[in-house]
Amino acid sequence: MKTAVLKPSRQTILREAKDYVMIAVGMILYGIGWTIFLLPNDITTGGVPGIASIVYWATGFPVQYTYFGINFFLLLLALKLLGLKFCIKTIFGVFTLTFFLSVIQKISSGITLLHDQPFMACVIGASFCGGGIGVAFSANGSTGGTDIIAAIINKYRDITLGRVVLICDLIIISSGYFVLKDWEKVVYGFVTLYTCSFVLDQVVNSARQSVQFFIISNKYEEIGRHINEYPHRGVTIINATGFYTGREVKMMFVLAKKRESTIIFRLIKDIDPNAFVSQSAVIGVYGEGFDHIKVK
C-alpha cells in the first residue's frame, strides 16, 4: 500500500519563494549599510563579528574560527528550538550576505561617503542594517549571530527582537573598550546599535500590524467565501438586529493583517458597494495565522 505524499500548493510555493526574495533584499540593505557607511568610517558594532574581533585583539586567535564556532553552536540551538525552516533560511541569509558583501565592496571600491561626518555615517548605515535585518526577520529569516538569540527569546517571551539584540550588542560593544581603549569608537558603536534596533522594531512591527472588520451586507455569504479564499482569512458570522429598523441582519467579523486591508476593501466593493464596513486597528492578535501567545 502506497502512502500518499502531499504536494505543497502553488500558494505555499509562492509564499516560500517570496520569503527567500525578501531575505535577499534584506541582506542587500544590510550589506549597503555595513560596507558603504560603517566599515569605511571605522565604526564598531556588535554581534558575532564583534565578539570575534575582541577575541582576536585580546589573544590573536583568528577571527574566522571564532565566528564559525559561535555560529555553528547557535545554529544547532536554533535547529532544536526554532525548527529546520528557520535554520535553512538563516543559512541562506548568511551565504547571501557574504556574496553581496563582496559584490558591494567591488562596486563601491574607492568610494567613501561621509568620511568627515562619522555620526551621520553611523545613523544612515545603522538604518540600512536595521531595515535589512527587519526585512529578513519578517520573512522568517536571519543573518545569524545574535539574531538567532533574539529569535529564540522572542519565541518564548514577549520581548521585542530589537531590544534583545540591543542588550546583547551593548555588552559586546562595552567589552570592546578593554581591548580598544577608545571611548569614541565605543560611543559611535552605541549610536549604531540603538538606531539599528529602533529601525528593526519599526520594520518588524509594521509587518505584524493587524486590523479588524465589522461588515454588514445582504451578500455576506459571497463576501465571506471570497475572504476565505483570498486573503485566506477566517470570517465569523454574528446575528444582529438593527435597533431603528428592528430587522435582523448578519454581521461579519474579520481579523486580518493591515497590508491585506486593501484586498478586503476591493472585494467588498466589487460584490456589494453598499455594504456597511467598520475597520479599526488592534493592538495584538494571537492565534493561528497571527502571533503566538508569549507569557512567563
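Residues numbered from 1 in each chain as written. Predicted model: local features only at pLDDT ≥ 70, side-chain atom pairs only at ≥ 80, totals over all residues. Heavy atoms only, no water.

Colleague: Please provide a residue-by-residue account of the pairing of strand S3 (residues 248-257), values included.
Modeller: Both strand S1 (residues 210-216) and S3 contribute to a ladder of seven bridges, which runs antiparallel. What sits directly across from Phe213, in S3, is Val254. As paired elements, strand S2 (residues 235-241) and S3 share seven bridges and run antiparallel to each other. Following the sheet pairing, Val235 is matched in S3 by Val254. Linkage of S2 to S3, two consecutive antiparallel strands, is achieved through a turn of six residues, within which Gly246 is found at a positive phi near 70°. (Pairing = 2+ DSSP bridges. Helix = DSSP H or I, 4+ residues; strand = E, 2+ residues; numbered from the N terminus.)

Colleague: Which residues make up the packing of helix H9 (residues 220-229) against helix H10 (residues 261-271), and what values do they have?
Modeller: Running from N to C, H9 and H10 point in directions that differ by 150°, and their axes come no closer than 10 Å. By the angle between their axes, H9 is roughly antiparallel relative to H10. The two elements H9 and H10 meet at a crossing, and its hand is right-handed. Facing H9, whose interface residues are Glu222, Ile223, His226 and Ile227, H10 presents Ile264, Leu267, Ile268 and Ile271. (Axes fitted to C-alpha atoms, helices over the stretch in contact; angles between N-to-C directions. Parallel < 35°, antiparallel > 145°, perpendicular 65-115°, else oblique. Left-handed = near helix turned anticlockwise from the far one by under 90°. Contact = heavy atoms within 4.5 Å.)

Colleague: Tell me about the confidence of the model for the chain, residues and numbers included.
Modeller: Across the chain, pLDDT averages 79, with 86% of residues at or above 70. Per-element confidence in the chain is highest for S2, whose mean pLDDT is 94, and lowest for helix H6 (residues 146-156), whose mean pLDDT is 72. pLDDT under 50 marks residues 1-6. Its contacts with residues more than four places away, or in other chains, come to zero contacts. (pLDDT = per-residue confidence, 0-100.)

Colleague: Could you give an account of the pattern of salt bridges, naming the residues involved and the relevant values?
Modeller: Summed over all chains, the structure comprises one salt bridge. Residue Arg233 pairs with Glu260 through a salt bridge whose shortest N-O separation is 2.9 Å. Here the residue Arg233 occupies a position in the loop between H9 and S2, and Glu260 occupies one in the loop between S3 and H10, the gap between them amounting to 27 residues. According to the relative accessible area criterion, Arg233 is buried, its value standing at 11%. (Salt bridge = Lys/Arg side-chain N within 4 Å of Asp/Glu carboxyl O. Buried < 20%, exposed > 50% of the residue type's maximum accessible area, 1.4 Å probe, protein only.)

Colleague: With reference to specific residues and values, describe the side chain of Thr195.
Modeller: Following the sequence through the fold, Thr195 ends up in helix H8 (residues 183-208). Thr195 has contacts with Val123, Ala126 and Ser127, leaving out every residue within four places of it along the chain.

Colleague: How would you summarise the sheet that holds S2 if you had to cite specific residues and measurements?
Modeller: Spatially, S2-S3-S1-S4 is the arrangement adopted by the four strands of the open sheet, whose pairing is antiparallel. Looking at the sheet topology across the chains shown, the edges are occupied by S2 and strand S4 (276-282). Between one strand axis and the next, the sheet turns through 25° on average, direction left out of account. Taken strand by strand, H10 contacts S1, S3 and S4, and its axis lies near 10° from that of S1.

Colleague: Let's hear about the packing of aromatic side chains: which residues, and what values?
Modeller: Inspection of the entire model under this criterion finds four aromatic pairs. Ring centres 5.3 Å apart and planes at 75° place the aromatic pair Phe213 and Phe265 in the edge-to-face group. Taken together, the residues Phe213 in strand S1 and Phe265 in helix H10 connect sequence positions 52 residues apart. Of the residues examined, Phe265 reaches a relative accessible area of 36% and is grouped as partly exposed. Ring geometry for Phe214 and Phe253: centres 5.2 Å apart, planes at 35°, overall tilted. With Phe214 in strand S1 and Phe253 in strand S3, the pair connects residues that are 39 residues apart, well separated along the chain. Classification of Phe253 as partly exposed rests on a relative accessible area of 23%. (Phe/Tyr/Trp six-rings, centres within 6.5 Å; stacked < 30°, edge-to-face > 60°.)

Colleague: Before we move on, can you summarise the nonpolar core with the specific residues and values?
Modeller: In terms of nonpolar packing, the biggest core is built from 23 residues, with Tyr30, Leu38, Cys129, Ile133, Phe137 and Leu200 touching the most fellow members. Broken down by element, this core gets its largest block of residues, seven residues, from helix H5 (residues 118-138). (Core = buried A, V, L, I, M, F, W, Y, C linked by side-chain atoms within 4.5 Å.)

Colleague: Give me the lowdown on H9, citing residues and values where you can.
Modeller: For H9, every residue scored as buried is listed here: Ile223, Gly224 and Ile227. One side of H9 holds all its buried residues, which, seen down the axis, span an arc of 95°. Residues of H9 that are exposed and angled more than 90 degrees away from the buried face: Glu221 and Glu229. Against the buried residues of H9 lie S1, S2, S3 and H10. (Arc of directions from axis to C-beta.)

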